[in-house]
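Summary of structural features
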Amino acid sequence: MNPMLTLLTLLMPLALMAQDTTSARKDTTFTLPPVTISPIEARERETPATFSNLNKRELSERYSVQDIPVLLSGLPSITSYSEGGNGIGYNYINLRGFDQRRISVMINGVPQNDPEDHNVYWIDFPDLLGSTDNIQVQRGAGSAFYGPPAIGGSVNLISTPMTPEPSITLESLFGFQEYGDQSTALTTRKFGATINSGLIDRRYMLHGRLGKITSDGYRENSWVELNSYFLGAVRFDNNMTTRLHFFGGPLADGLAYYGLPKFVNTDTKLRRENLVYWETDSSGSSYSYTQARRPQEIENFSQPHYELIHEWRISRAVSFNNTIFYYTGDGFFDYDASWADTSMLRIGYSYGIPASQNPANTLVRAFVGNRQGGWLPRVEINHGSGNLTLGAELRIHRSVHWGKIQFAEGLPQNFDPDYHFYEYNGEKDVLSIYVHELYRLSDRWSLMTDLQLVHNRYGIENEKYLANNFSLPYFFANPRAGINWNATDEWNSYLSLAFTTREPRLRNLYAAEDSYFGALPLFYDLPIGVALRYDFTRPLAQPEQLLDVELGAAFKNSDARLSANVYWMEFTNELVENGRVDIFGQPVTGNAERTRHVGVELDGIVSLYQGLSLAGNVSLSSNKLVNHLTYLTGYDTAGNQIVTATSLNDNPIAGFPGVLGNIRLTYRTDRLTASIACKYVGSYYTDNFKNEQNKNDAYSVFDAQLLYRLQRTLGTEVNLRGEVRNVFNNLYFAHGIGSGFFPAAERNYLFGLTVIL
C-alpha cells in the first residue's frame, strides 16, 4: 500500500471534524490532495498477483514484542526461526521455502536487502512494527519492480504512524520463560513512548517514538538489548505531500548462530546450549566433544535510516513521486578464533613470533561499515483506460570490512592492537529502469505488463595482502505479464507469468573476510603463464533464472474471503543450500543446474457468529532437484585425493517443507480481542542427500493472545495484553541446516499495559 493512501485515509475524518470543532473553522473546508496508489501494491480484483495483507488492526492486535519474521509466519507459505529461540534478536524468514536472501524486502518502498550478501537483518529494525500500518507479502517471482529481484516473493512494510489527533502513548511489557526444571524467570522487558502532534495549522503532522527491548533469550548467552527510535514529519500542500522519516536504533547482543545436534531436542538443558563447536559419537545420540561459546562473543551495531518521500500531483492524470534515502551501518562482532594459528592471523615473523608459537584463546573482532544512498523516481499517468508507471532506481553502496585480534594470549608486548589481518572495501552499484502498465480491457478484465532492465556491479577494492580486486557487472531483463477476470461481483481469477534473473551474493564470488583461513576467489583460473591467477570476468557462480506461472481464484462477500492458487516455478542455476554453513553460521549455497517448485496455496477467513471468525491457510508443495551433480572429495588407502561426482536428481531440496498450515480462531467485541492460533510445519530435509539424520521433524505449536480495552476515563485509554506462546509446551526445532538444528523456546508468557493520553 502506498504510504500516502493510509495517511490520507487517517486524515479524512479529521478534515470533516475540523469544520465543526471551533467557530473559527466552521466555514472552512480543508481540501485533501487526491490519493495516489503506488504500483508496488497489489490490489484485490485488479492486480494479477498472489499476495496477503496484514492491516493496521491486525498488527495492533498481534504485535507485542516479537520480531517481524515471527509475526509474518502466520501468513501463507511462511516459516520463521530464531537463533536465540524466543523470537527476539536474530530471526529469519522463509517464503515458499526460499530464504530471505531471495525475498525482496522493502520499507516504504525502499529496498532493505544488504547489497553485498542479499540478507535482511531484521534486528536492525527494532520495534518498527510499532510504527507500521500495513504489510503486504507478495508471493512469486518479479513481485517487486525495483530493488533486489524477487525470487520467492516480496515483503513491503508501510510506516505511516501519524494520527489525526494529538496523543501520548506509554507502553510496558514483561515476558516470562518456563524451563524444563519447572522454574520460570522474567526474561524480556519492553518500554516505549510515542508522541503524535495531530494536525498542526492544517499542514503539518509530527510523530516520535522511542523504545527499548531487552531479553535474556532462550539459549545461553543469546541476550539482546535493542534501542529504537522513529521520528517522522509530514507536510501537506495543495498539490504536494512531503514526508521525512528517521528510524533505527543501536543494538547489542550475544552471538548464538550455530545450531545443535538433533538428539538434544528432548533434553531441556542441552537444547538451551550455545556452542561454538561440537562433535557427536558414532551413534549421533550423545556428545563426544563440545566447546561452549564464550560470553565475550558479542555484537554491537547501529543502522540509522533517513528517508525523504515526496509526491507531486502535477495534474489529475499525472503525478511525479520521488524517494531519496540514505543508510549508514557501523558495528562489529567478536567471535572465537582459538583455532587460528600465527600464519592465519598474518602476524608471523613481523613480530618475532615463530610459526610454531601460536596465540591462545584468540578473540577476533570483525568490523563492517556500510554507506548506501539512493533515488527512486517514478511518474504515474492515468490515461483513462489504465495506469502507466515509468520509474527508475539508482543505488550506490560502499563498505569497509576489517578484522583484528581483540584478545589473545601469547602476543608480544609491542603488538599493535589495531593491526588488521584482513581488510577490503566492498562496492555495489545498482541502476534499473522499469515500466508498468495496468490496462482495463473492460469492466471485468484488466491486463498487467511489466518490464525491468537492471544493471548491477559488484566490486572489491584495496584488499590487504592478496590484492584480489575486481569489478564485475551484470545485466538483466525481467518481464512479467498477467490478466485478471472479475467473473462476478464476488468471484475473480487471474493468471500471471514472470521471468526473473538474479545475481549471486558477493560471498558466492569471494568471501574476502574469510581469506585469512583459506577462502579463495571463485573464478575460473587463467591459463598458465598469465600473471594474474584468476579471470575476474568469469565467476564460477552463475545468476539464477526463474520462470514462474501463477494461477489463482478468489471469492469475497460480507461473510467470507477465500482464495486458492497454484504455482509452477522452473529454475535454471538455482542457488540451493548444500547442508553446510560458513564460519558465521550462514548456509553455503551453490548452483543447481535445474530445479522445480510446484505448489498449491489455500487461504481464507470466515465470519462464524457475532464477532467470532476463523482464518486459516494451507500450502502444499513439491520442491525437487531436476538436474544436479555434486562433487565429493575423499581419499584412497594410499592417501590420494579422489573426487566423485554424485547425482542428486529428483532429491528434495534442503530447507523446503512440503506441508505448511495455519489456523486462527478470533473473537472480537468493542473492548475484547481474544485469539488462539496453531501453526503446523511439515518435515523437510536439511541437506540435499536425503539423509534421514539431517531432517527437521514436523511440528505444531499453539499461541494464545488476549487484548482488553478498558472504558475510556478522563480522556485516557488503557489497554491490557496477555499472551501465552507454545501453549502446550511442545519441544521442537524451528529450523535446521545440515546437522545443526535451532530449538524453539518452551512455553512462555507476556503481559503488557498500554496507556493512551
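1. Observations regarding the overall build of the protein chain
Secondary structure summary: the protein chain contains four helices and 42 strands in total. Relative to the 2.2 N^0.38 estimate, which gives 27 Å for 757 residues, the radius of gyration of the protein chain is 27 Å and therefore close to what a compact globule would have. Taken along the three principal axes of its C-alpha coordinates, the protein chain extends 90 × 60 × 50 Å. Within the protein chain, the fraction of its 757 residues that count as buried is 55%. Partitioning the contacts of the protein chain with sequence separation of at least 6, the portion at a separation of at least 24 is 66%.

2. Side note on the pairing of strand S18 (residues 305-313)
Burial of S18 is one-sided: the residues His305, Glu307, Ile309, Glu311 and Arg313 facing one way are buried, the residues Tyr306, Leu308, His310 and Trp312 facing the other way are not. Where strand S13 (residues 240-248) meets S18, eight bridges bridge the pair, whose relative direction is antiparallel. Within the sheet, the bridge partner assigned to Arg243 lies in S18 and is Ile309. Sheet topology places S18 next to strand S19 (residues 318-336); nine bridges connect them, and they run antiparallel. From the neighbouring strand, Ile309 faces S19, where its bridge partner is Thr323. Hairpin connection from S18 to S19: four residues lie between these consecutive antiparallel strands.

3. Focus: the sheet that holds strand S2 (residues 78-82)
Strand order in this open sheet of three strands is S2-S3-S4, and the pairing throughout is antiparallel. Strands at the two margins of the open sheet, each flanked by one partner only, are S2 and strand S4 (98-99). As paired strands, strand S3 (residues 91-95) and S4 are joined by two bridges and run antiparallel to one another. Bridge pairing links Asn94 to Asp99 in S4.

4. Brief notes about the pattern of salt bridges
All told, the structure shown has 41 salt bridges when counted by the stated rule. One salt bridge in this structure joins Arg365 and Asp334, with 2.8 Å as the shortest N-O distance. Of the two residues, Arg365 is situated in strand S20 (residues 360-382) and Asp334 in strand S19; the sequence distance between them amounts to 31 residues. The class of Arg365 is buried, set by a relative accessible area of 16%. Look at Asp334 and you get buried, because its relative accessible area is 3%. In this structure, Arg395 and Glu393 form a salt bridge, with 2.6 Å as the shortest nitrogen-oxygen distance. You'll find Arg395 and Glu393 in the same group, each marked buried.

5. Here we look at the pairing of strand S5 (residues 103-107)
Of all five residues in S5, five are buried, a share of seventy percent or more. The side-chain alternation of S5 yields two buried faces, one formed by Ile103, Val105 and Ile107 and the other by Ser104 and Met106. In this sheet, strand S8 (residues 153-158) lies alongside S5 in parallel orientation, the contact comprising five bridges. Pairing of Ser104 across the sheet is with Ser154, part of S8. With two bridges connecting them, S5 and strand S6 (residues 110-111) associate as antiparallel partners. Within S6, the position partnered with Ile107 by the bridge is Val110. Linking two consecutive strands that pair antiparallel, namely S5 and S6, is a turn of two residues; a positive phi of about 55° is found at Asn108 within it.

6. Examining the packing of aromatic side chains
Counted by the stated rule, this structure contains 38 aromatic pairs. Relative to Phe191, the ring of Phe174 lies with its centre 5.7 Å away and its plane at 80°, an arrangement referred to as edge-to-face. One end of the pair, Phe174, is in strand S9 (residues 167-178); the other, Phe191, is in strand S10 (residues 184-200), and 17 residues separate them in sequence. Judged by relative accessible area, Phe191 falls into the partly exposed class, the value being 39%. Between Tyr699 and Tyr732 the ring centres are 4.3 Å apart and the planes differ by 20°, which places this aromatic pair in the stacked class. Within this pair, whereas Tyr699 is found in strand S38 (residues 699-709), its partner Tyr732 is found in the loop between strand S39 (717-725) and strand S40 (733-737), the two being separated by 33 residues in sequence.

7. Comments concerning the environment of Ala340
Relative to the helices and strands, Ala340 resides in the loop between S19 and S20. Measuring from C-alpha to C-alpha, the distance between Ala340 and Thr362 comes to 7.5 Å, with 22 residues separating the pair along the chain.

8. Overview of the side chain of His118
Mapped onto the secondary structure, His118 falls in the loop between S6 and strand S7 (134-139). For His118, the side chain forms a polar contact with the side chain of Tyr458, separated by 3.0 Å. Beyond its immediate sequence surroundings of up to four residues, His118 is in contact with Gln100, Arg101, Asn113, Lys428, Tyr458, Arg502, Glu503, Pro504 and Arg505.

9. Remarks on the environment of Asp281
Examined against the element boundaries, Asp281 turns out to sit in the loop between strand S15 (275-280) and strand S16 (287-292). Sequence-distant contacts of Asp281, defined by excluding residues within four places in its chain, comprise Ser286, Tyr287 and Ser288.

10. A short note on the environment of Val65
Relative to the helices and strands, Val65 is located in the loop between helix H2 (56-62) and helix H3 (68-72). Residues Val65 and Leu660 lie 595 residues apart in sequence; the distance between their C-alpha atoms is 24 Å.

11. Focus on the side chain of Ser619
Structurally, Ser619 can be placed in strand S31 (residues 612-627). You can call Ser619 buried: its relative accessible area is 5%. Looking at Ser619, its side chain comes within polar contact range of the side chain of Ser77, at 2.7 Å. Ser619 has contacts with Pro76, Ser77, Val600, Glu601, Gly658, Val659 and Leu660, leaving out every residue within four places of it along the chain.

12. Quick notes on unusual backbone geometry
Its identity is not glycine, yet Asn108 carries a phi of approximately 55°, on the positive side. Structurally, Asn108 is set in the loop between S5 and S6. When its relative accessible area of 5% is taken as the criterion, Asn108 is described as buried. Of note, Arg202 is a non-glycine position whose phi angle comes to about 55°, a positive value. Along the chain, Arg202 turns up in the loop between S10 and strand S11 (204-215). For Arg202, a relative accessible area of 32% puts it in the partly exposed group.

13. Considerations on the sheet that holds strand S1 (residues 50-54)
Taken in spatial order, the five strands line up as S1-S7-S8-S5-S6 in an open sheet, and their pairing is mixed. Either end of the sheet is taken by a strand with one partner, and the two such strands are S1 and S6.

14. As for the nonpolar core
Formed by 48 residues in total, the largest nonpolar core has its most connected members in Leu72, Ile135 and Leu157. If near-sequence neighbours (up to four positions away) are discounted, Leu72 is found in contact with Leu54, Ile78, Ile93, Ile135, Val137 and Val155. Judged by nonpolar contacts, the second largest core, of 22 residues, contains Ile353, Ile405, Tyr419 and Phe421.

15. Points about the confidence of the model for the protein chain
Predicted coordinates in areas of low pLDDT are best not read in detail. Taken as a whole, the protein chain shows an average pLDDT of 91; of its residues, 94% reach a score of 70 or greater. Within the model, pLDDT remains below 50 along residues 1-37, and this stretch shows 65 contacts once partners closer than five positions in the same chain are excluded.

Quick notes on the rules
Residues numbered from 1 in each chain as written. Predicted model: local features only at pLDDT ≥ 70, side-chain atom pairs only at ≥ 80, totals over all residues. Heavy atoms only, no water. Helix = DSSP H or I, 4+ residues; strand = E, 2+ residues; numbered from the N terminus. Rg over C-alpha atoms; globule rule 2.2 N^0.38 Å. Buried < 20%, exposed > 50% of the residue type's maximum accessible area, 1.4 Å probe, protein only. Contact = heavy atoms within 4.5 Å. Pairing = 2+ DSSP bridges. Salt bridge = Lys/Arg side-chain N within 4 Å of Asp/Glu carboxyl O. Phe/Tyr/Trp six-rings, centres within 6.5 Å; stacked < 30°, edge-to-face > 60°. Polar contact = N/O pair within 3.5 Å; in protein donor to acceptor, adjacent residues only side chain to side chain. Core = buried A, V, L, I, M, F, W, Y, C linked by side-chain atoms within 4.5 Å. pLDDT = per-residue confidence, 0-100.

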